Amino acid sequence: RCNGIYVRIRRMGGEENMERLMERIEINPKILVGKPIIAGTRISVELIVKLVAQGWKEEDIIKEYPALKKDDIRAALFYAEKLIEEEEVYPLVIN
């Protein structure tokens, strides 16, 4: 479902598990203008990452958003990890 994001690592149960997590992420231009979301919801990956960054515990996120499962939170964080891993950073040269 997520074009351009792929799995190259083996951990947390192997590559198959990572691919299964990525299936939980959906990109649909008709939902939240194409932001990555948890499949079957309107809950964005961005929101989940933001909540985790703010210190929310997994249980609190699920309590506030009962449509989410633990693997949805893991999938959102994995998706964010893959984006950052693939990011290319170029130094800014000021003349």
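Residues numbered from 1 in each chain as written. Predicted model: local features only at pLDDT ≥ 70, side-chain atom pairs only at ≥ 80, totals over all residues. Heavy atoms only, no water.

### Focus on the overall build of the protein chain
Right, on to step 1. Within the protein chain, the secondary structure is distributed over four helices and two strands.
Right, on to step 2. Reading the helices (α) and strands (β) of the protein chain from amino to carboxyl end gives α-β-β-α-α-α.
Right, on to step 3. Per-residue burial for the protein chain yields a buried fraction of 33% across its 95 residues.
Right, on to step 4. Within the protein chain, contacts between residues separated by at least 24 positions form 48% of all contacts whose residues are at least 6 apart in sequence.
Right, on to step 5. Carbon and sulfur atoms provide 54% of the accessible area of the protein chain, an area that totals close to 6700 Å². (Helix = DSSP H or I, 4+ residues; strand = E, 2+ residues; numbered from the N terminus. Buried < 20%, exposed > 50% of the residue type's maximum accessible area, 1.4 Å probe, protein only. Contact = heavy atoms within 4.5 Å. Areas by Shrake-Rupley, 256 points an atom, 1.4 Å probe, with all protein chains shown as cover.)

### Here we look at the confidence of the model for the protein chain
As a general rule, the predicted coordinates of low-pLDDT regions are not to be interpreted in detail.
Right, on to step 1. Overall, the prediction assigns the protein chain a mean pLDDT of 85, with 83% of residues at 70 or greater.
Right, on to step 2. Low confidence marks residues 1-13, where pLDDT is under 50. Its contacts with residues over four positions away, or in another chain, come to 33 contacts. (pLDDT = per-residue confidence, 0-100.)

### Description of the nonpolar core
In globular proteins that are soluble, nonpolar side chains generally tend to be buried together.
Right, on to step 1. Core analysis: the biggest nonpolar cluster contains 16 residues, and Ile 25, Ile 38, Ile 48 and Leu 68 have the highest contact counts within it.
Right, on to step 2. If you list the elements that add at least two residues to this core, you get α1 (15-22), α2 (45-53) and α4 (70-86).
Right, on to step 3. Top element by residues in this core is α4. It accounts for five residues.
Right, on to step 4. Not counting residues up to four positions away in its chain, the partners in contact with Ile 48 are Ile 38, Ile 43, Leu 68, Asp 72, Ile 73 and Ala 76. (Core = buried A, V, L, I, M, F, W, Y, C linked by side-chain atoms within 4.5 Å.)

### Digging into the packing of α2 against α4
Right, on to step 1. As a packed pair, α2 and α4 sit with axes 9 Å apart at the nearest point and diverge in direction by 95 degrees. Classified by the interaxial angle, the pair formed by α2 and α4 is roughly perpendicular. Residues Val 45, Ile 48, Val 49 and Val 52 of α2 form the contact with α4, whose participating residues are Asp 72, Ile 73, Ala 76, Leu 77, Tyr 79 and Ala 80.
Right, on to step 2. Here the contact of α2 with α4 is composed, by residue class, of nine nonpolar, no polar and one charged. (Axes fitted to C-alpha atoms, helices over the stretch in contact; angles between N-to-C directions. Parallel < 35°, antiparallel > 145°, perpendicular 65-115°, else oblique. Nonpolar A, V, L, I, M, F, W, Y, C, P; charged D, E, K, R; others polar.)

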